[in-house]
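Okay, here's what each chain looks like letter by letter:
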Amino acid sequence: MDIRSVTAAVRTWPLSLGQKGALPNFYDLVLFAFIAAAFAALAHGSREMEAPLASLDLAPVTLDPIKLPEYALRTTLRMFAAILASLAFTFVVATLAAKSRKAELVIIPALDILQSVPVLGFLTFTVVFFMGLFPGSQLGAECAAIFAVFTAQAWNMAFSFYQSLRTIPRDLDEVSRHFRLSPWLRFRRLELPFAAPGLIWNTMMSMSGGWFFVVASEAITVGATSVKLPGIGSWLAVAIDRKDIAAVAMAVAAMALVILAYDQLLFRPIVAWADKFRFEQTAAQQRSRSWVYDLVRRTRLLRRISTPIARVASGLARLRLPAFGEERPRAVPGWLGKASDIVWILLVLAAAGYSAWIAVEYLRATLGPDDVASALGLGVLTLARVVVLIVIASLIWVPIGVWIGLRPWAAEVVQPVAQFLAAFPANVLFPMAVVAIVAFRLNPDIWLSPLMVLGTQWYILFNVVAGASAFPTDLREVSRLYRLRSWQWWRKVMLPGIFPYYVTGALTASGGSWNASIVAEVANWGDTKLEAAGLGAFIARATEAGDYPRVVLGIVVMAVFVVLLNRLLWRRLYTIAERRTRLD
Amino acid sequence: MDAPLSGLAPLVQVEGLRHVYRQGEGNVLVLDGVDLTLSDNEIVGLLGRSGCGKSTLLRVIAGLMPATAGTVAIDGEPVRGPASQVAMVFQTFALFPWLTVLDNVEIGLEAQGMLASERHKRALAAIDLIGLDGYESAYPKELSGGMRQRVGFARALVVHPKVLLMDEPFSALDVLTAETLRSDLLDLWCEGRMPTRSILMVTHNIEEAVLLCDRILVFSSNPGRITTQINVNLSRPRNRLDPVFRQLVDDIYARMTERPAGRPTREGVFPGTGIAMVLPRVSSNVLAGLLETLAAEPYNGHADLPPLAARLQMEIDDLFPVLETLQLLRFAEVAEGDVRLTEAGMRFARAGLDERKKLFAQHLIAYVPLAAHIKRVLDERESHRAPATRFRDELEDSMSEERAERTLRAVISWARYGEVFAYDEDAGVFSLENPS
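These figures come from a predicted structure and were not determined experimentally.

Participant: How would you sum up the overall build of chain A? Please name residues and give values.
Facilitator: A count of helices and strands for chain A gives 24 helices and four strands. Taking all 584 residues of chain A together, 48% fall into the buried category. Taking the intrachain contacts of chain A between residues at least 6 apart in sequence as the baseline, contacts between residues at least 24 apart amount to 82%.

Participant: Account for the overall build of chain B, with residues named and values stated.
Facilitator: Of the regular secondary structure elements, chain B holds 15 helices and 16 strands. Computed over C-alpha atoms, the radius of gyration of chain B comes to 24 Å, within 12% of the 22 Å expected from 2.2 N^0.38 for 436 residues, which places it in the range of a compact globule. Overall, the C-alpha framework of chain B stretches about 75 × 45 × 45 Å when taken along its three principal axes. By residue count, 39% of the 436 residues in chain B fall in the buried class.

Participant: Tell me about the sheet that holds strand β14 (residues 385-387) of chain B, residues and numbers included.
Facilitator: Residue and element names in this part refer to chain B. Reading across the sheet, the three strands line up as β14-β16-β15 and stay open at both edges, with antiparallel pairing between neighbours. Of all strands in the sheet, those with a lone pairing partner are β14 and β15 (422-424), marking the two edges. On average, each strand axis in the sheet is tilted by 25° relative to the strand beside it, whichever way the strands run. Summarising the sheet, β15 and strand β16 (residues 429-431) pair through three bridges and their orientation is antiparallel.

Participant: Before we move on, can you summarise the domain arrangement of chain B with the specific residues and values?
Facilitator: Residues and elements named next belong to chain B. The domain architecture assigned to chain B consists of domain 1 (12-256) and domain 2 (274-431). For domain 1 versus domain 2, the distance between C-alpha centres works out to 34 Å. Of the residues lining the interface, 14 residues belong to domain 1; the matching set on domain 2 comes to 13 residues. At the level of elements, β2 (26-38) and α7 (243-256) are the ones that each hand at least two residues to the side of domain 1 that touches domain 2.

Participant: Go over the nonpolar core with me, naming the residues and quoting the values.
Facilitator: In terms of nonpolar packing, the biggest core is built from 290 residues, with Ala148 and Val464 of chain A together with Ile61 and Leu165 of chain B touching the most fellow members. Non-local contacts of valine 464 of chain A, meaning those with residues more than four positions away in its chain, are made with Trp397, Val398, Gly401, Val402, Gly405, Ile498, Tyr501, Tyr502 and Gly505 of chain A.

Participant: Summarise the domain arrangement of chain A; cite the residues concerned and give the values.
Facilitator: Residues and elements named next belong to chain A. Partitioning chain A into domains gives domain 1 (26-288) and domain 2 (367-584). In this complex, domain 1 contributes 38 residues to the contact, which on the side of domain 2 involves 38 residues. Those elements giving two or more residues to the side of domain 1 that touches domain 2 turn out to be α2 (26-48), α6 (119-133), α9 (183-218), β1 (219-222), α10 (232-241) and α11 (245-274). For the side of domain 1 that touches domain 2, the element with the highest residue contribution is α11, accounting for 10 residues. A breakdown of the residues in the side of domain 1 that touches domain 2 according to their chemical character gives 26 nonpolar, seven polar and five charged.

Participant: Mind laying out the pairing of β1 of chain A, listing which residues take part and the relevant values?
Facilitator: Consecutive side chains along a regular strand alternate between the two faces of the sheet. Inspection of the sheet shows β1 of chain A paired to strand β2 (residues 225-228) of chain A by four bridges, in the antiparallel sense. Bridged to threonine 221 of chain A within β2 of chain A is serine 226 of chain A.

Participant: Provide a residue-level description of the environment of aspartate 184 of chain B, including the pertinent values.
Facilitator: Residues and elements named next belong to chain B. With respect to the element layout, aspartate 184 can be found in helix α5 (residues 175-190). Take aspartate 184: there are 15 C-beta atoms within 10 Å of it, and that puts it in the partly exposed class. It is 8.2 Å that separates the C-alpha atoms of aspartate 184 and isoleucine 130, two residues lying 54 residues apart in sequence.

Participant: I'd like a rundown of helix α1 (residues 54-62) of chain B, residues and numbers included.
Facilitator: Residues and elements named next belong to chain B. For α1, the tally of buried residues reaches nine of nine residues, placing the bulk of the element in the interior. Within α1 the residues assigned to the buried category are Lys54, Ser55, Thr56, Leu57, Leu58, Arg59, Val60, Ile61 and Ala62. Phi turns positive one or two residues past the end of α1, at glycine 63, with a value near 80°.

Participant: Talk me through the packing of helix α4 (residues 68-99) of chain A against helix α5 (residues 101-114) of chain A; I want residue IDs and the actual numbers.
Facilitator: Between two packed helices, what matters for the description is the angle formed by their axes and the separation of those axes. Residues and elements named next belong to chain A. Look at α4 against α5: their axes get within 6 Å of each other, and the N-to-C directions meet at 125°. Comparing their axes, α5 and α4 come out oblique. Taken as a pair, α4 and α5 cross one another with a handedness that is left-handed. Here α4 contributes Val93, Leu96 and Ala97 to the contact with α5, which in turn contributes Ala103, Glu104, Ile107 and Ile108.

Participant: Outline the sheet that holds strand β7 (residues 163-167) of chain B, supporting the account with residue identities and numerical values.
Facilitator: Pairing between the strands of a sheet comes from backbone hydrogen bonds, and it takes one of two forms, parallel or antiparallel. Residue and element names in this part refer to chain B. Strand order in the open sheet formed by six strands is β6-β7-β8-β3-β9-β10, with mixed pairing between adjacent strands. The open sheet has two edge strands, β6 (86-89) and β10 (225-231), and neither has a second partner. Taking each pair of neighbouring strands and ignoring which way they run, the sheet shows an average axis angle of 20°. Sheet topology note: the strand β9 (residues 215-220)/β10 ladder contains six bridges and is antiparallel. Looking at the pairing, leucine 217 lines up with glutamine 229 of β10. Those strands touched by α1 are β3 (43-47), β6, β7, β8 (198-203) and β9, and its axis lies near 150° from that of β7. The sheet contacts of helix α4 (residues 145-157) involve β6 and β7, and relative to β6 the element is tilted by about 175°.

Participant: Lay out unusual backbone geometry in plain terms, naming residues and giving numbers.
Facilitator: Residue and element names in this part refer to chain B. The amide bond that connects arginine 236 to the next residue, proline 237, takes the cis arrangement and shows omega of -5°. With respect to the element layout, proline 237 can be found in the loop between β10 and α7. Going from glutamate 297 to proline 298, the amide bond is cis rather than trans, its omega being -5°. Tracing the chain through its elements places proline 298 in the loop between α8 (284-295) and β11 (302-304).

Participant: Summarise helix α15 (residues 401-418) of chain B; cite the residues concerned and give the values.
Facilitator: Given 3.6 residues to a turn, an α-helix orients residues that are three or four positions apart in the same direction. Residue and element names in this part refer to chain B. Under the 1.5 Å per step criterion, the end-to-end length of α15 is 26 Å for 18 residues, consistent within 8% with the ideal 26 Å. When α15 is considered as a whole, its buried residues turn out to be Arg403, Ala404, Thr407, Leu408, Ala410, Val411, Trp414, Ala415 and Gly418. End-on view of α15: buried residues confined to an arc of 155°, all on one side of the axis. Among the structural elements, α8, α12 (353-367), α13 (369-380) and α14 (388-396) are those in contact with the buried residues of α15. Positive phi shows up at glutamate 419, right after α15, with a value of about 55°.

Participant: Would you mind going over the pairing of β8 of chain B in detail, with residue names and values included?
Facilitator: All names here are of chain B. For β8, the buried fraction is high: six of the six residues fall into the buried class. Burial along β8 is two-sided: the face carrying Ser198, Leu200 and Val202 and the face carrying Ile199, Met201 and Thr203 are both buried. One ladder, built from five bridges, connects β3 with β8; its direction is parallel. If you follow glycine 45 over to β8, its bridge partner there is methionine 201. By the bridge criterion, five bridges tie β7 to β8 in an arrangement that is parallel. If you follow leucine 164 over to β8, its bridge partner there is isoleucine 199. Crossover connection from β7 via α5 to parallel β8: handedness right-handed.

Participant: Outline the packing of helix α22 (residues 486-520) of chain A against helix α24 (residues 548-580) of chain A, listing residues and values.
Facilitator: Residue and element names in this part refer to chain A. Viewed as axis vectors pointing N to C, α22 and α24 meet at an angle of 170°, and their least axial separation amounts to 9 Å. In terms of orientation, α22 lies roughly antiparallel with respect to α24. In this structure, α22 contributes Pro496, Phe499, Pro500, Val503, Leu507, Ser510, Gly511 and Trp514 to the contact, and α24 contributes Met558, Val562, Leu565, Trp570, Leu573, Tyr574, Ala577 and Arg580. Taken together, the residues of the contact of α22 with α24 sort by class into 13 nonpolar, two polar and one charged.

Participant: Which residues make up the confidence of the model for chain A, and what are the values?
Facilitator: Residues and elements named next belong to chain A. Of the residues in chain A, 81% have a pLDDT of 70 or more, and the chain-wide mean is 79. Confidence drops under pLDDT 50 across residues 1-22; counting only partners more than four residues distant or on other chains, this segment forms 52 contacts. Overall, residues 321-332 carries pLDDT values under 50, and its contacts beyond four positions in sequence, including any with other chains, amount to 10 contacts.

Participant: Can you lay out the environment of isoleucine 200 of chain A for me, pointing to particular residues and giving the numbers?
Facilitator: Residue and element names in this part refer to chain A. Note on placement: isoleucine 200 falls in helix α9. Between the alpha carbons of isoleucine 200 and phenylalanine 150 there is a distance of 16 Å; along the sequence they are 50 residues apart. Filtering out sequence-adjacent residues up to four positions away, isoleucine 200 remains in contact with Ile270, Val271 and Ala274.

What counts, and at which threshold
Residues numbered from 1 in each chain as written. Chains lettered and ligands numbered in written order. Predicted model: local features only at pLDDT ≥ 70, side-chain atom pairs only at ≥ 80, totals over all residues. Helix = DSSP H or I, 4+ residues; strand = E, 2+ residues; numbered from the N terminus. Buried ≥ 20, exposed ≤ 12 C-beta atoms within 10 Å, placed from the backbone. Contact = placed C-beta atoms within 7 Å. Rg over C-alpha atoms; globule rule 2.2 N^0.38 Å. Pairing = 2+ DSSP bridges. Axes fitted to C-alpha atoms, helices over the stretch in contact; angles between N-to-C directions. Domains from an automatic or database assignment. Core = buried A, V, L, I, M, F, W, Y, C linked by C-beta atoms within 7 Å. Nonpolar A, V, L, I, M, F, W, Y, C, P; charged D, E, K, R; others polar. Parallel < 35°, antiparallel > 145°, perpendicular 65-115°, else oblique. Left-handed = near helix turned anticlockwise from the far one by under 90°. Expected span 1.5 Å × (residues − 1). Arc of directions from axis to C-beta. Right-handed = clockwise from strand over helix to strand, strands pointing away. pLDDT = per-residue confidence, 0-100.

In structure tokens form, the structure reads like this:
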């Protein structure tokens, strides 16, 4: 049972919500300009490269069951490549942000906004970009798919690591400086272990979300370029084209096995292992458990393998790597530091102004105000969908989650299932829903919508379960003693008690739903095309048509919506949750 | 300070030390004009209230913090950056929770790049010396507080520092554990088994200082200065019940409650004047409780501080803020290590709840300038409401953000008790209306 790890994760805020200041500030605009310009530049550059791409010839994906294990493996390998890339990114970028004030000024707001950019939006450009980088080779498309998963993980992980680095307990920092630990030893003995629980939890959650994107990014069509990488996602795409429901079912089964293996062999053991790094001086009453981890700990063989590795590691630790300058406490800036900060900020502003100009010029060449207005209108539609769906999902899952959370035996059963369901890529199930919509001639504007929360609603469930499980027994007893009436009990006792957990879950669910809209608002079944009006469909259609300016517009508009929703709603809720639920 | 008797250079020499903590626009003077020498073979205690800068001094000596002005030299070498000749024991133990006892002890040696086998040997010796045999593979969370601090000692001693720095090493421990650890430490010291030449310790516990130290340097607060040096010439082991010991403790209490010369008796208890006075967060329950205790038998309104502290089991850091708040409110007078209730204080102790609240409110408005200021602003405004930020900004002109927050919180809690004005936490607004 991982309830405790969930609660631990709740304490490290997802996104940058722990930060002060809810309203988007001037700085957000600056970073927005940069990112929009980067997209515009990429789009422009990739147009040039389009010609040679069409010639790329992959071994066609076939619906041969013998091939399915291999496809599953390929999909899994992409996930691991992405997670390694994300870790490398995390260590470099987050360390930089934590140690250099100037880097921090740019990196942190950038991460915050990048988290809000729809992941599948990146795909449009990166496919073309990477394929241009490796012309005529499958590597380009592989890189694009991996990069898509990377963009779903890296920002979150970097943020978690950065926050850990900035909250290292003062006394441990002093001990490390006092005994003059080299930067490498400090990283190994202090920074990495301290950040480990948060980072691992975030990595595992990001990876759960990543399955969705790896499936979505394997079969991509950008304009004239159509790529199907060998993997479950492509299998699924082919099955949809051929209206082969049996093949879809096989994909679902294969995916379920993969996720089960991932959950049992990786997620649980690693979270259980990370328990030892929890920064806590008292022994935990309830430990995360994993049979694999227990097995590994008991085997002699593994210990024998790991001993030489440990020896090499300690040898490495003794190496006195050239210090990156003396470790110094971050001094309060003097006038010189302030002056150089101002120069730095001016430079950043100038570059941002230029970027904004490029972006606007690029979009203005082909798009008019009407296009912007229609994108905004569609954004409102998708926003309405997200809000309604989160509300409905909350109405369903909060009572159920509370019921389960208050019963430890039920929580123990349900929690792993909910986590499994959250990791399961919902897009594998989409064809089933589409078949139903086609068969019953349902209105796609309404009935495609639930697909957006199909995979993300579980975050609400397991966070609420975690919150209810952690609800103090004495408060429950008090409410029982005073015979609180049912509505009163919900309003005064339970809802405030689970509020911080609920906000975490709903926030994750809402972010995931925006991302899912790009694949959920448009669905195919053979030649039948279903489409719901919305920003996701707008982006999906533009991608398919290779209409880069519209893709850029769609992404920017969606990012604006997500950022505003985060700042105006979620961050405020977090502040309230933080203030209200503390006694000290 | 006195120079050491021998002609040798002192082990630690601090001269003209000044430390300014920069906070926003304002500066807080933490240490001012501190001179200190530490010779071979002595235990010296820095005794003072929390926040007087004694821990800062220790960190400056360890090279963890640069001083704004002045010099620190250890064994003749000026300190720039973390000093290799010293090792520190922390109040919070500061152990790495993910490392075993052995790995924790080895960390300093590992940082020196010592070979694994060699540092293993040294660490085991230190663990043996400090009485941690058998705990080598335990994690800190499996240990009791006392055992954890032993790991802290072993980690410091294993690097064979010339000077051992201790930052309130026993204050996070319960009374019995602290006593055991103190006597074990003294035994090692007296038997000459400590691989260190001198010890410099920070404490706010007067008895602990008298028990352990050869010399005690008494610190005053705001800014931190060494006001007095006291030589403790008692032979070891020292007996807490020895009349000479008691007399020494009494003397130190008296010196620590002395008013700085040239200031009126009641002003200057807390740093800052007028509304800029930094106030401690003391609960009205504690204030009322202490007034009742002092008014009752056997004190009858007058008490000697050391036995009072012992009876209430309060250390000076707990007791002094309460006494000083009572003094500020004119409910008590503190002088020469004694506390005496004023007439108002006696009245308060005998009164019922409503009368107490009224009396408290009167004194709050009369003697706490910030409370009077907020009340005046609320009275003058038509709406009788004012945002807290207005006062917070005012306070932050003259004190750190943290102190401003603490001061405001103190006034809010006292005003709530006296029903002088109300504060809406969610909106951050002061008002005159009390929800009824």
